[in-house]
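# Geometric and topological summary
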Amino acid sequence: KMRSYHNLLSTCLGMAAVLHLTGAFILPQSITLTHGSHYSSETSLRPNTKFYNADTDTGSFSDSVPSDTDSDPQLPATESNTEVSTDLKRKLYQLAASYDRGFAATPKARSEANEIIEQLAAVNPTENAARGIDGDDFSDDVPLRATWRMIWTSAFDVVSLGASPIAAPSAIYQRITDPPIATNIIDFIPRAQTFFPSSTVPSSLLRAEVTTRASSRKGSANRVGLVFEGVKLQPIEFLGQKVDNLPPLSVDLTWQQDLIEQIASFVPGLENFSSEGKDDVDAPGYFDVEYLDDELLIICQQAPGGRFALVKVDNCDP
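Conventions and cut-offs
Residues numbered from 1 in each chain as written. Predicted model: local features only at pLDDT ≥ 70, side-chain atom pairs only at ≥ 80, totals over all residues. Heavy atoms only, no water. Helix = DSSP H or I, 4+ residues; strand = E, 2+ residues; numbered from the N terminus. Buried < 20%, exposed > 50% of the residue type's maximum accessible area, 1.4 Å probe, protein only. Contact = heavy atoms within 4.5 Å. Areas by Shrake-Rupley, 256 points an atom, 1.4 Å probe, with all protein chains shown as cover. Core = buried A, V, L, I, M, F, W, Y, C linked by side-chain atoms within 4.5 Å. Expected span 1.5 Å × (residues − 1). Arc of directions from axis to C-beta. Phe/Tyr/Trp six-rings, centres within 6.5 Å; stacked < 30°, edge-to-face > 60°. Lys NZ or Arg CZ within 6 Å of the ring centre and 35° of its normal.

Assigned secondary structure in the chain consists of six helices and 14 strands. Within the chain, the fraction of its 318 residues that count as buried is 38%. Restricting the contact set of the chain to residue pairs at least 6 apart, pairs at least 24 apart contribute 57%. As displayed, the chain has an accessible area near 18300 Å², and 56% of this comes from carbon and sulfur atoms.

See below:
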């Protein structure tokens, strides 16, 4: 019995070290979930600096066990990482729903989201997330291959879209189903359409697609380089009528790359923008994968960009 007790105590101390290092129990004092529901961290979580012993007879807790900071740090187990990431993802989803994907986020909400993302990055289960993104080995082992829908961002170039009085951003996707092509998709609806119930106003929708060519970066297993190739604007619906058969407005951007290739050898500093330098780890135009599993992707744009959290979806049909 004594040996079993010591084994149990050692196991508990190890779990406490894991939870302390990952910050799994850091929560705002209260989080509003949906209409009428309320979640309080005070009623379900304990501080992560001490163990609390449960008295099986009274159901009470005590501080009799020393702080977990006194124990030796241990490597987190897979099961612990899964539990930590599940809890962190839940908190991130709550923030995304409460602050309109970041478009209505307060400084405090952005700070909380950044803390959650940093903790998720510490338990990222995917190594070498950029493998297969070049599309030249015809491998099925491409972790980023999927259609991803944005649920949170702190990138100013995207958040600023929400300030337009004319058009409001609807669904935003990143489609990487045919590497190395990665397509960023933004659906726009009239701002006035957001003020009324959908049943009372005929819907209109315009889809913008930005096509890029992705590539892995030497020396950074989780960095993906991007080269812009084109932009397309496609009307999908107008006043309740399908108009996706209309020709899109397209702009080809590959000529810029061809021009850079021709003058790169004569203009200092342009070599990083050419095809010869685009694979260098710090060449302009890239994002870093901070977290990736079978349902959630978190990326960070090249500075001064921001972060994006995206969930895997079946398709991006409007």
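Grouped together as the largest cluster of nonpolar side chains are 26 residues, with contacts concentrated most on Leu144, Val224, Val289 and Leu297. Other than its neighbours up to four places away in sequence, Leu144 contacts Ala129, Ile133, Ile176, Val224, Val289, Leu292 and Leu297. Listed in part, the 23 residues of the second largest apolar core include Val84, Leu88, Ala96 and Val313.

Here we come to the environment of Lys91. Relative to the elements of secondary structure, Lys91 occurs in helix α3 (residues 78–98). For Lys91, a relative accessible area of 2% gives the class buried. Note: C-alpha distance between Lys91 and Ile116 (25 residues apart in sequence) is 7.7 Å.

Moving on to helix α4 (residues 107–122). With 16 residues, α4 extends 23 Å between its outermost C-alpha atoms, agreeing within 8% with the 22 Å of an ideal straight helix rising 1.5 Å per residue. Listed in full, the buried residues belonging to α4 are Ala109, Glu112, Ala113, Ile116, Ile117, Gln119 and Leu120. In an axial view of α4, the angular spread of the buried residues amounts to 160°, which keeps them on one side of the axis. In α4, the exposed positions that point more than 90 degrees away from the buried face belong to Pro107, Lys108 and Ala122.

Going through the model one piece at a time under the given rule, you end up with zero aromatic pairs. Directly above the aromatic system of Tyr286 lies the positively charged group of Arg223, at a separation of 3.9 Å from the ring centroid.

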